[in-house]
Amino acid sequence: MLRFRVMRALPLLVLACGAALAQTSGPAALTGMVTSDTGGPMEGVVVSAKPVGGKITVSVLSDQKGRYAFPADRLKAGDYEIRIRATGYDAANPKMAATVKEKAAAKVDIKLGKTQNLAAQLTSAEWLLSIPGTQAQKEKLYRDCVLCHTLTPVLGSTYSAEEWQTTLVRMYNWSEGGSLQKPLLAPLRSGPRAGDEEFAKYLSSINLSAGPTHNFELKTLPRPHGADTKVIITEYDLPRADAEPHEAVADKDGIVWYSDEAEGIVGRLDPKTGATKEWQDPSAKAGYPGGLHDMELDRDGNPWAGRHEYNGFLKFDKQTEKFVDYVIPNVSPYTRPTFLALRPDGKVWLKDNTDFKIFRFDPNNGEYVGYDEYPPNLNLKSEEPATVGGTRSGQVHHSIYGMNTDSQGNAYGADIGVGNIIKVDAKTGKTTLYPTPTPNSGPRRMHFDSSDHLWIGEWWANQLAMFDPETEKFQEWPVPIPFYGPYDAVLDKAGNVWTGSMSVDTILRFTPKTGQFRQYLMPALGVNVRRIDVDDNGKSPVFWVGENRRAKIAKVEPLE
Ligand code: HEC
């Protein structure tokens, strides 16, 4: 079930907080006014500055008066390219530039004009708001078509219903680790699925098969305003233009480690300098995409990652800069241990998408223990791996997505297929299912906080949730953007929950105490956020995220 709940209270909150906060304090390196074609000030326009030939982009947003300002300590002296993001508008001058000097603030006023091509600016969520169709038809698009790319090529296509049927089968055969720039064949071949004919008809009724324009109005989400404009976003380019940083996790020294969804690559980013280094896992298996998935850091700060498309997981030893490869014994070759959880005692929880098992692995003696009674009576055996969302040949069933472990070492899995949190007791091996209050909520990724509360992204229900294992009770909160689909959830030490989305380029920060959401719009379209990480080691929490389809790692810093 997908919920359209727009927070009615939002404009009030904005009035309360917006006026009191200065955009930035202290001297500016670069400042100016953003105005529209009619001369009015434009609030909530993302203004980005990137040094010519550089790798680090800094972005700020314009305030209620249309004024933007980059703090002096964020831009070094030099020449910069300036870009904007404001849905519905383009910069009148597409080649904006600024020269930042040591002492005085550079000034660049920005004029915007109405865009001639609004369709090219829509996020997947905005397409879903705009297109006609039943809730079920939109949900199918939302579940099946926003993982690997946005809905823009889908709505911009000219396929007839018949042509869609073959196109759909082509989609079923791509690996989720691939993208438009980098198609990767999945290891197993798939044919047509039940419901394709009807879905193909629907797709041909909303694309451009009947003519060069859409026969529905293009709806957009509101531009950021008030407190949502008080943020600095820093983006670090990765060395490969087609890098896919599915996960980005900061260690205690502030170094950010990332795993690539398309290739067996582990990378390291030093945010102080922007320097990156990457290592290619040498043990890639022929005929399978080598991409990695979940990444977790062990007690020594070494990254571990699950493989996306075949049996195996790995540890990267950061001292020796060598990979240690592991393979789960006696399972189907299509086993995909995409998620793992590192227990406080050094053992590792793994899950396998094919045989529906949870494993406990002990790196000290190489022992694997399989817990195949989850969920008790649904131990389906098949060669065919489950896809995201727990469908196998179109049939929904139990399937664990994200995994985590509490301070006692118990395993928790997000049963995305049916909407449970599954617990395996570390001592007894007993499995317990906890259904989320919202049925079929699609729990996806989750993280424990320091009080052993589990924070969960409920993808299908469009909600954040918290599960308290002690009381065995959940709390759920709808997010304020339709079709957002929280992918993950992490609590920071200041008491805020962070989440990201595959279908909207907005990072959400939620304060459970006040029920308030902040919405931080990212500088460009098609970010496709997966894993969320908060670095709580410094004075205030620092939020990190991989821009999975833009080959960047981003830091989001609220200015409050
Ligand atoms: C598992 C990854 C994946 C998923 C899920 C996916 N696609 Fe794609 N899609 C791709 C890749 C890779 C390409 C580029 C290669 C190609 O054209 O097939 C692509 C390209 C496209 C294109 C542009 C190329 C063309 O043929 O015009 C359209 C349209 C499209 N996909 C539609 C869809 C629809 C509809 C869905 C949902 C049913 C979907 N895709 C789901 C991977 C995916």
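In the block above lies the structure referred to throughout.
Residues numbered from 1 in each chain as written. Predicted model: local features only at pLDDT ≥ 70, side-chain atom pairs only at ≥ 80, totals over all residues. Heavy atoms only, no water.

Peer 1: So what exactly am I meant to see when it comes to the overall build of the protein here?
Peer 2: Across its full length, the protein carries 6 helices and 39 strands. Its C-alpha atoms give the protein a radius of gyration of 23 Å, within 12% of the compact-globule value 24 Å for 560 residues. Structurally, the protein occupies a C-alpha span of about 65 × 55 × 45 Å along its principal axes. Looking at the protein as a whole, 60% of its 560 residues qualify as buried. Sequence-distant contacts, at least 24 apart, represent 57% of the contacts inside the protein between residues at least 6 apart. (Helix = DSSP H or I, 4+ residues; strand = E, 2+ residues; numbered from the N terminus. Rg over C-alpha atoms; globule rule 2.2 N^0.38 Å. Buried < 20%, exposed > 50% of the residue type's maximum accessible area, 1.4 Å probe, protein only. Contact = heavy atoms within 4.5 Å.)

Peer 1: Before we go on, may I ask you to explain the sheet that holds strand β19 (residues 340-342) in this structure?
Peer 2: Strands belonging to one sheet form pairs held by backbone hydrogen bonds; the direction of such a pair is parallel or antiparallel. The sheet built from 4 strands is open, its strands ordered β19-β20-β21-β22 with antiparallel pairing. Sheet topology places β19 and β22 (367-371) at the edges, where each strand pairs with a single neighbour. Pairwise comparison of adjacent strand axes, ignoring direction, gives a mean angle of 20° for this sheet. (Pairing = 2+ DSSP bridges. Axes fitted to C-alpha atoms, helices over the stretch in contact; angles between N-to-C directions.)

Peer 1: Looking at this structure, I do not really get the coordination of the iron atom of the ligand. What am I missing?
Peer 2: Reference geometry at the metal: tetrahedral coordination by four donors gives ideal angles of 109.5 degrees; octahedral coordination by six donors gives 90 or 180 degrees. The coordination sphere of the iron atom of the ligand contains the protein donors H149 (NE2) and M171 (SD), at a distance range of 2.0 to 2.2 Å. Each of the 6 donor atoms around the iron atom of the ligand contributes to a set of angles spanning 87 to 180°, which defines the coordination as octahedral. Taken together, the residues span a long stretch of sequence, with H149 in the loop between α3 (135-144) and α4 (152-155) and M171 in helix α5 (residues 161-172) at a distance of 22 residues. A residue is classified by how much of its surface remains accessible, and H149, at 18% relative accessible area, is buried. (Donors = N, O, S within 2.8 Å, 3.2 Å for Na, K, Ca; no water. Tetrahedral: all angles 85-135°; square planar, octahedral: opposite > 155°, others 65-115°.)

Peer 1: What is the right way to read the pairing of strand β2 (residues 46-51) from this model?
Peer 2: Regular strands place their side chains on alternate faces of the sheet. For β2, the tally of buried residues reaches 5 of 6 residues, placing the bulk of the element in the interior. Sheet topology places β2 next to strand β3 (residues 56-61); 4 bridges connect them, and they run antiparallel. In the sheet register, V47 faces β3, and the bridge partner there is V60. Counting the residues that bridge the hairpin from β2 to β3 gives 4 residues, and of these G53 lies at a positive phi of roughly 75°. Examined bridge by bridge, β2 and strand β5 (residues 78-85) share 6 bridges and lie antiparallel to one another. Bridging across to β5, S48 finds its partner in R83.

Peer 1: Explanation requested: the packing of α5 against helix α6 (residues 196-206) in the structure shown.
Peer 2: Packed helix pairs are specified by the crossing angle of their axes together with the interaxial distance, meaning the distance between the axes. Packing of α5 against α6 brings their axes to within 8 Å, and their N-to-C directions diverge by 115°. Classified by the angle their axes make, α5 and α6 are roughly perpendicular. Considering how the two elements wind past one another, α5 and α6 form a crossing that is right-handed. Note on element contacts: α6 touches α5 through D196, E197, F199, A200, K201, L203 and S204, opposite A161, W164, Q165, L168, V169 and Y172. Partitioning the contact of α5 with α6 into residue classes produces 8 nonpolar, 2 polar and 3 charged. (Parallel < 35°, antiparallel > 145°, perpendicular 65-115°, else oblique. Left-handed = near helix turned anticlockwise from the far one by under 90°. Nonpolar A, V, L, I, M, F, W, Y, C, P; charged D, E, K, R; others polar.)

Peer 1: Please explain the pattern of salt bridges as it appears in this structure.
Peer 2: A pair can form between side chains of opposite charge whenever their charged atoms are brought close. Under the counting rule described, the total for this entry stands at 33 salt bridges. The shortest N-O distance in the salt bridge between D251 and K318 comes to 3.7 Å. Within this pair, whereas D251 is found in the loop between β11 (245-250) and β12 (256-260), its partner K318 is found in the loop between β17 (313-317) and β18 (322-326), the two being separated by 67 residues in sequence. One network of salt bridges, with partners in common, ties together E247, D294, E296, R445 and R531. (Salt bridge = Lys/Arg side-chain N within 4 Å of Asp/Glu carboxyl O.)

Peer 1: What am I meant to see in the packing of aromatic side chains here?
Peer 2: The relative placement of two aromatic rings is captured by the distance of their centres and the angle of their planes. Per the counting criterion, the structure on display carries 28 aromatic pairs. Taking the centre distance of 6.0 Å and the plane angle of 25° together, the rings of W257 and W279 count as stacked. Separated by 22 residues along the polypeptide, W257 in strand β12 and W279 in strand β14 (residues 275-280) bring together distant segments of the chain. For the pair W257 and W279, one class covers both residues: buried. On the numbers, 6.0 Å between centres and 35° between planes, the contact of W459 with W460 is tilted. You can call W459 buried: its relative accessible area is 2%. Ring pairing ties together the aromatic residues W304, F313, Y326, F361 and Y368, which thus form one cluster. Between the NZ or CZ atom of R444 and the centre of the ring of Y401, over which it lies, the distance is 4.4 Å. (Phe/Tyr/Trp six-rings, centres within 6.5 Å; stacked < 30°, edge-to-face > 60°. Lys NZ or Arg CZ within 6 Å of the ring centre and 35° of its normal.)

Peer 1: Would you mind showing me how to read the nonpolar core here?
Peer 2: As a rule of thumb, nonpolar side chains are buried together in soluble globular proteins. Formed by 56 residues in total, the largest nonpolar core has its most connected members in L141, L151 and W349. No other element matches the 5 residues that α6 contributes to this core. Judged by nonpolar contacts, the second largest core, of 26 residues, contains V45, Y68, F70 and V100. (Core = buried A, V, L, I, M, F, W, Y, C linked by side-chain atoms within 4.5 Å.)

Peer 1: Where do I start with the sheet that holds β2 in this structure?
Peer 2: Reading across the sheet, the 8 strands line up as β7-β5-β2-β3-β10-β39-β38-β37 and stay open at both edges, with antiparallel pairing between neighbours. Looking at the sheet topology across the chains shown, the edges are occupied by β7 (96-100) and β37 (529-535). Shown here is a sheet whose adjacent strand axes are inclined to one another by a mean of 25°, direction ignored. Alignment of β3 against strand β10 (residues 231-237), held across 4 bridges, turns out to be antiparallel. Residue pairing for β10: S59 is matched across the bridge by I233.

Peer 1: How should the site of the ligand be read in this particular structure?
Peer 2: Taken together, 19 residues are adjacent to the ligand, and C145, C148, H149, Y159 and M171 come closest. Residue R170 places a side-chain N or O atom 2.6 Å away from an oxygen atom belonging to the ligand. Contact distances for the ligand include 2.9 Å between an oxygen atom and a side-chain N or O atom of W174. Of all the secondary structure elements, the ones that give two or more residues to the shell around the ligand are α4, α5 and α6. In terms of residues, the shell around the ligand owes the most to one element, α5, which gives 4 residues. (Near = heavy atom within 4 Å. Polar contact = N/O pair within 3.5 Å; in protein donor to acceptor, adjacent residues only side chain to side chain.)

Peer 1: Help me understand the side chain of D452 in this model?
Peer 2: One can find D452 in the loop between β29 (443-448) and β30 (454-458). Of the side chains with opposite charge, K423 comes closest to the buried, unpaired D452, at an N-O distance of 9.4 Å. There is a polar contact of 2.6 Å between the side chain of D452 and the side chain of S407. Once you skip the residues sitting within four places of it in the chain, D452 turns out to touch D406, S407 and P469. (Lys, Arg positive; Asp, Glu negative; His and termini not counted.)

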